[in-house]
Amino acid sequence: MTALRMAAAAPRAGEGTSAPLGATPSEEGVNFSIFSRHATSMELLLFDGVDDARPARAIRVDPAVNRTYHYWHVFVPGLRPGQIYGYRVEGPSDPARGLRFDAEKVLLDPYGRGVVVPDGYRRAAAAEHGDNTATAMKSVVVDPNAYEWEGDAPLRRPSARTIVYETHVRGFTRHPSSGVGEKTRGTYAGLIEKIPYLRDLGVTAVELLPVFQFDAQSAPNGVNYWGYQPVSFFAPHQAYSSRRDPLGPVDEFRDMVKALHRAGLEVILDVVFNHTAEGDHHGPTLCFRGLDNATYYILQHDRTRYADYTGCGNTLNANDSIVRRMIVDSLRYWVEVMHVDGFRFDLASILTRDESGQPMPNPPVLWDIESDPALAATKLFAEAWDAAGLYQVGSFVGDSWKEWNGRFRDDARDFFRGAHGSLRRFADRLVGSPEIYGHKEREPEQSVNFVTCHDGFTLNDLVSYDRKHNEANGEQNRDGCDDNRSWNCGVEGPTDDPAVENLRNRQVKNLLTVTMLSIGLPMIVMGDEGTLHNDNCVGARHLCWLRQSTRPVFCTISSSVSAHPAQLVLELTPREWKRRWRDSAAKAAAYGVRPRRLSGLSSVGAITGNDRCVRQLRLM
């Protein structure tokens, strides 16, 4: 049947309702609703297949009938979950007013729960003149209730009992040494197969680098590995699924969460609400730009350019009421429907900026997030800085937010490379960074302690290089941080000298030990338990894949007491911990550190009440 005959035979579309936003299925069909303040007309496009060059049906969304306030809506009877769809939106193309409508482009639904990507996807086609239907990403209708959770729920483990393992879905299992079957390498299903490894390692939470659908072509070299270029805040990344059907990524992601929870492992998502993959004024029209550019983005004064506090070409207008609600709705969706346990917010300080880019003392979006009852038990980690110089470690707004402690990272690195004046700062970091957090009157787990993360050097790089050599990804060593505070132990790069190798191994163990035993919430990054070495090549995919041996090389971690003599075990009752904290504080004070308060007992390990369950580090 031709597309024209199918359109003629299809049931007539109805008026629909403005709420809820997105595509909402029912027994009778699907209700579609989308926000656009400045659009003049709109079409809903329905596709039979992901690679179709034209829609099977185009439904006009009549502003006289199908618009309520700034919400365009239509009900289409007979549709079912798995339906592929997109939008064409007409409106002014007037950059001087901040308006960039392009009716030739197929747009994603900002609230779409699924995304499909055609084999011939071309990012460039969304930036050029002309129709891009054949090469555009499209949204998928998803029924959020069509999944059997079998009693699963977020684990809600106290932060004092949490050890975070930052990992990348693709990189964790993509290398053949992972032992994962070829079909599931680099996927959500592949991660399920590695749960025994994670349990043996002893971590309690996996922090997944971005899994929101992102533009895999949004990078200077045309290959985006890390995922920090989102196009949807509700859909799991399609390429991380071993299933090829439109609903496969959603269900496979939930399978992964359920399996991790059964193993006692929490799931924390690295979320990017500070920018999108649409880039600067030369970038593609994928979604937000073609719906309501001036609403979704912070624009410069002349409105023709984007404010760029992210280093990625644009900045989301997070404190606008529409964008703010979208962010909170996204977080609630991932907690209530997808069962995740928490979030790490990339460049979180951007969320404090107003529509002119100025930092706000009480940014609405941050208070909306932490006061939302559905998010009350979730872990919220802030990367409390941005790419434009705003640095808020120790001063991030809110009561429940924990912070990536960048100063812990820098001071630990300085101390172990023998930097002048590092001892006093290092002593403060060991006892929970009271210089930074003492005024906040919070628990020690306010500080997320780490020495390395996905940005820049691995732990093995840190002890092998004095400077970065990030050439392998084709970006001529331009990307990556130049301030790495590393020490090569006498030789730049790989060496066969056993004395240098022994020194490097000792330094790795020193840094791991400090991360695990300092007061705060510890985080290690994928591969640092072994010998991952990528020389800071942050965009070279094969160099970022984890090569796995049958067991970690440097350490395993346990969150319960063991009497194994090879383990370094710190087992303290609350009374003993209080005494030792005071002793440590007194010693730190001898170096000029003045802790302001004893801000809790549940620090090294997981001491609450009369529990004696603590953290151990086993050094190999």
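Residues numbered from 1 in each chain as written. Predicted model: local features only at pLDDT ≥ 70, side-chain atom pairs only at ≥ 80, totals over all residues. Heavy atoms only, no water.

Asks: So, the sheet that holds strand 13 (residues 205-208): which residues are in play, and what are the values?
Replies: Reading around the circumference, 12-13-14-15-16-17-18-19 is the order of the eight strands in this closed barrel, with parallel pairing throughout. Along the sheet, successive strands turn relative to each other by an average axial angle of 30 degrees, direction set aside. Alignment of strand 12 (residues 164-167) against strand 13, held across four bridges, turns out to be parallel. Paired with V164 across the two strands is A205, which belongs to strand 13. (Pairing = 2+ DSSP bridges. Helix = DSSP H or I, 4+ residues; strand = E, 2+ residues; numbered from the N terminus. Axes fitted to C-alpha atoms, helices over the stretch in contact; angles between N-to-C directions.)

Asks: Could you give an account of the pattern of salt bridges, naming the residues involved and the relevant values?
Replies: One pass over the full model with this rule turns up 31 salt bridges. Residue D62 is joined to R60 by a salt bridge in which the shortest nitrogen-to-oxygen separation is 3.6 Å. Shared partners join several salt bridges into a network, and the residues in it are R409, D410, D411, D414, R417, R424, R425, D428, R429, E435, D483 and R485. (Salt bridge = Lys/Arg side-chain N within 4 Å of Asp/Glu carboxyl O.)

Asks: Go over unusual backbone geometry, please, and point to the residues and values.
Replies: In most cases, non-glycine residues show a negative phi, while peptide bonds are predominantly trans. Each neighbour pair has its own omega, and for A19 with P20 the value is -5 degrees, a cis peptide bond. Within the fold, P20 resides in the loop between helix 1 (3-9) and strand 1 (22-25). Even without being a glycine, R303 presents a positive backbone phi close to 70 degrees. Tracing the sequence through the fold places R303 in the loop between helix 6 (288-296) and helix 7 (321-336). The class of R303 is partly exposed, set by a relative accessible area of 32%. With a phi close to 60 degrees, C489 is a non-glycine residue in the positive phi region. By secondary structure assignment, the location of C489 is in the loop between helix 12 (459-462) and helix 13 (498-517). Given a relative accessible area of 6%, C489 falls into the buried group. (Buried < 20%, exposed > 50% of the residue type's maximum accessible area, 1.4 Å probe, protein only.)

Asks: Tell me about the side chain of K402, residues and numbers included.
Replies: Within the secondary structure, K402 sits in strand 17 (residues 402-404). Although buried, K402 forms no salt bridge, and the nearest oppositely charged side chain, E445, lies 7.0 Å from it. Discounting residues that sit within four places of it in the chain, K402 has contacts with S159, L380, F381, A382, E445, Q446, V448 and L521. (Lys, Arg positive; Asp, Glu negative; His and termini not counted. Contact = heavy atoms within 4.5 Å.)

Asks: So what's going on with the packing of aromatic side chains? Which residues, and what values?
Replies: How two aromatic rings sit relative to each other is given by the distance of their centres and the angle of their planes. In this structure the tally under the stated criterion is 32 aromatic pairs. Ring centres of F212 and F233 lie 6.2 Å apart, and the angle between their planes is 75 degrees; this geometry places the pair in the edge-to-face category. Within this pair, whereas F212 is found in the loop between strand 13 and helix 5 (248-262), its partner F233 is found in the loop between strand 13 and helix 5, the two being separated by 21 residues in sequence. The exposure class assigned to F212 is buried, which follows from its relative accessible area of 3%. Judged by relative accessible area, which is 0%, F233 ranks as buried. Their ring planes at 20 degrees and their centres at 5.2 Å tell us that F212 and W334 sit as a pair that is stacked. With F212 in the loop between strand 13 and helix 5 and W334 in helix 7, the pair connects residues that are 122 residues apart, well separated along the chain. As far as burial versus exposure is concerned, F212 and W334 are alike and both buried. Cation over ring: R113 sits above Y333, and NZ or CZ is 4.8 Å from the ring centre. The aromatic ring of Y309 is capped on one face by R353, whose charged end is 4.1 Å from the ring centroid. (Phe/Tyr/Trp six-rings, centres within 6.5 Å; stacked < 30°, edge-to-face > 60°. Lys NZ or Arg CZ within 6 Å of the ring centre and 35° of its normal.)

Asks: Any chance you could break down the pairing of strand 3 (residues 41-47) for me, citing the residues and the numbers?
Replies: Most of strand 3 sits out of view: six of its seven residues are buried. Bridging between strand 3 and strand 7 (residues 84-90) involves seven bridges; their strand directions are antiparallel. Bridge pairing links F47 to I84 in strand 7.

Asks: Could you give an account of the packing of helix 6 against helix 7, with specific residues and numbers?
Replies: Look at helix 6 against helix 7: their axes get within 9 Å of each other, and the N-to-C directions meet at 115 degrees. The residues of helix 7 that touch helix 6, namely those facing F288, T295 and Y296, are I322, V323 and M326. Looking at side-chain class alone, the contact of helix 6 with helix 7 contains five nonpolar, one polar and no charged residues. (Nonpolar A, V, L, I, M, F, W, Y, C, P; charged D, E, K, R; others polar.)

Asks: Would you mind going over the environment of A388 in detail, with residue names and values included?
Replies: Relative to the helices and strands, A388 is located in the loop between strand 16 (379-382) and strand 17. Linking A388 and G311, residues 77 residues apart in sequence, is a C-alpha distance of 7.8 Å. Contact partners of A388, with chain neighbours within four places excluded, come to Y309 and R353.

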